[in-house]
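Commentary on secondary and tertiary structure
Each chain is listed here by its residues.
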Amino acid sequence: MTIRHVVAAFAALAAAAGCSVAGSPADAERYYVSVGDSYAAGYLPTSPTSGATSAEGFAYQVAEKTRVHGVPMRLANFGCSGVTSGQLLDEPGCDPAALGPDPADYGGLSQARAATRFVAEHQGRVGLITVVVGGNDIRPCLPIGAPLRDDALGCVDDAVSELRGNLAALLTELRAAAGPDVPIIGLTYPDMLLGAWLRDGQRGKDIATASVGVFRDRLNTALHQEYAKVGAEFVDITAATGAYTPLDATTTDPAHGVVPQAVAKACEFTHFCSLGDVHPTVHGHTLIAERVVRAAHIA
């Protein structure tokens, strides 16, 4: 069921029941719930060592697009920068500096419990849920500025296995609270590590090359399977940002000369090439927002 169908169903039910007055379900404020890490919170770096969350993050852009397309939803953003899937599930609260602008209230709970409680309390008024988590789970396996670990792929496999269990628990709770018809959209990431191609000589190229398989064959495959189990849509942002283009396909980048096309895209959509930072540029956040809108059939 699309968001437009959900909105139409609310209106039809209210009309049939003679409940079209203000304050009825048809007129009540509806919500878009954002769950996840720094991508969900809207983090934008300003230097290699600093930055802050911003209303230019994709979740805020999605909320604005719901208004533009006539299905307005208020954003309830539970995103918390830096969290792993385990922390999202079990760690109470979030550092205020790690929250997005105008964040949702955790009430002393973990992000998963707070978001699930919110969805349950607003059942029938939640029109969309997005989830993005897992990057911080695998990040220690491919450390920036260090040689590729001998056990990197084994480390990733262990991290993904733990991620799957945590994500399954989160999604089961969200689906139960939301009901069967609310769109849940799961997201992955641009392959920011492709930008390592431009750093640290052969060591950087090794990390960039390895990262393609890590995203495509390990992380994203697992994410897709877990979201499918609860009837959620999976949006492969890695593919959307051109990361699977073969590395022998090149282009001329204004800042870096002749580079693989996939590397140029990593530079365009993330801050890795310019700041060594894994987070999206504003353009990257916009691309993610557009893919969410498309998957949710808002436009």
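Data block above holds the structure.
The text that follows walks through the structure, step by step, so that each part is easy to find. (Residues numbered from 1 in each chain as written. Predicted model: local features only at pLDDT ≥ 70, side-chain atom pairs only at ≥ 80, totals over all residues. Heavy atoms only, no water.)

**Regarding the overall build of the protein chain**
Which entries qualify depends on this criterion: A run of H or I in DSSP counts as a helix once it spans at least four residues, and a run of E counts as a strand once it spans at least two, with each numbered from the N terminus. Whether two residues are in contact is decided by their heavy atoms, any of which lying within 4.5 Å being enough. Here, Shrake-Rupley sampling with a 1.4 Å probe gives the accessible areas, and only protein chains in the shown set may cover a residue. By the counting rule applied here, Lys and Arg register as positive and Asp and Glu as negative, while His and the ends of each chain are not counted. Note on charges: their place is set at NZ of Lys, CZ of Arg, CG of Asp or CD of Glu.
Each helix and strand counted, the protein chain has 12 helices and nine strands in total. Each of the three principal axes of the protein chain carries a C-alpha extent, and together these read 70 × 35 × 35 Å. Taking contacts inside the protein chain between residues at least 6 apart in sequence as the whole, the part at least 24 apart equals 70%. When the accessible surface of the protein chain is summed, it comes to about 12400 Å², and 54% of that surface belongs to carbon and sulfur atoms. Within the protein chain, the 31 negative side-chain charges are centred at a point lying 4 Å from the centre of the 21 positive side-chain charges.

**With respect to the state of the cysteines**
Our working rule: Any two cysteine sulfur atoms within 2.5 Å of one another count as a disulfide. The buried label goes to any residue with under 20% of its type's maximum accessible area, the exposed label to any with over 50%, and the partly exposed label to all in between, with areas taken from a 1.4 Å probe on protein chains only.
For the structure on display, the rule yields three disulfides. There is a disulfide in this structure between Cys80 and Cys94, and the S-S distance comes to 2.1 Å. One quick way to see it: the torsion about the S-S bond of Cys80 and Cys94 is about 90°, and its sign makes the bridge right-handed. Highlighted residues: Cys80 in the loop between strand S4 (74-77) and helix H4 (85-90) and Cys94 in the loop between H4 and helix H5 (111-121), separated in sequence by 14 residues. Note on accessibility: Cys80 and Cys94 belong to one class, buried. Disulfide pairing places Cys267 opposite Cys273 at an S-S distance of 2.1 Å. Between Cys267 and Cys273, the disulfide has an S-S torsion of -75° and is therefore left-handed.

**Some words on unusual backbone geometry**
Phi is positive for Asp102, close to 50°, though the residue is something other than glycine. Considering the arrangement of structural elements, one finds Asp102 in the loop between H4 and H5. Even without being a glycine, Asp200 presents a positive backbone phi close to 65°. We classify Asp200 as partly exposed; its relative accessible area is 42%.

**Examining the packing of helix H7 (residues 152-178) against helix H8 (residues 201-229)**
Rules: Each axis is a line fitted through C-alpha atoms, and for a helix only the stretch in contact is used; angles between axes span 0 to 180 degrees, taken between their N-to-C directions. Oblique is the label for any angle not under 35 degrees, not over 145, and not in the 65 to 115 range, which are roughly parallel, roughly antiparallel and roughly perpendicular in turn. Helix crossings are classified by the rotation of the near helix relative to the far one: an anticlockwise turn of less than a right angle makes the crossing left-handed, while a clockwise turn makes it right-handed.
Closest axis-to-axis distance for the H7/H8 pair is 10 Å, and the angle between their directions is 15°. Looking at the two axes, H7 sits roughly parallel to H8. Between H7 and H8 the crossing geometry is right-handed. On H8, the residues that touch Leu153, Val156, Asp157, Val160, Leu163, Arg164, Leu167, Ala168 and Leu171 of H7 are Val214, Arg218, Leu219, Ala222, Leu223, Gln225, Glu226, Tyr227 and Lys229.

So, to be careful, I would describe these as geometric facts and stop short of saying anything about function.
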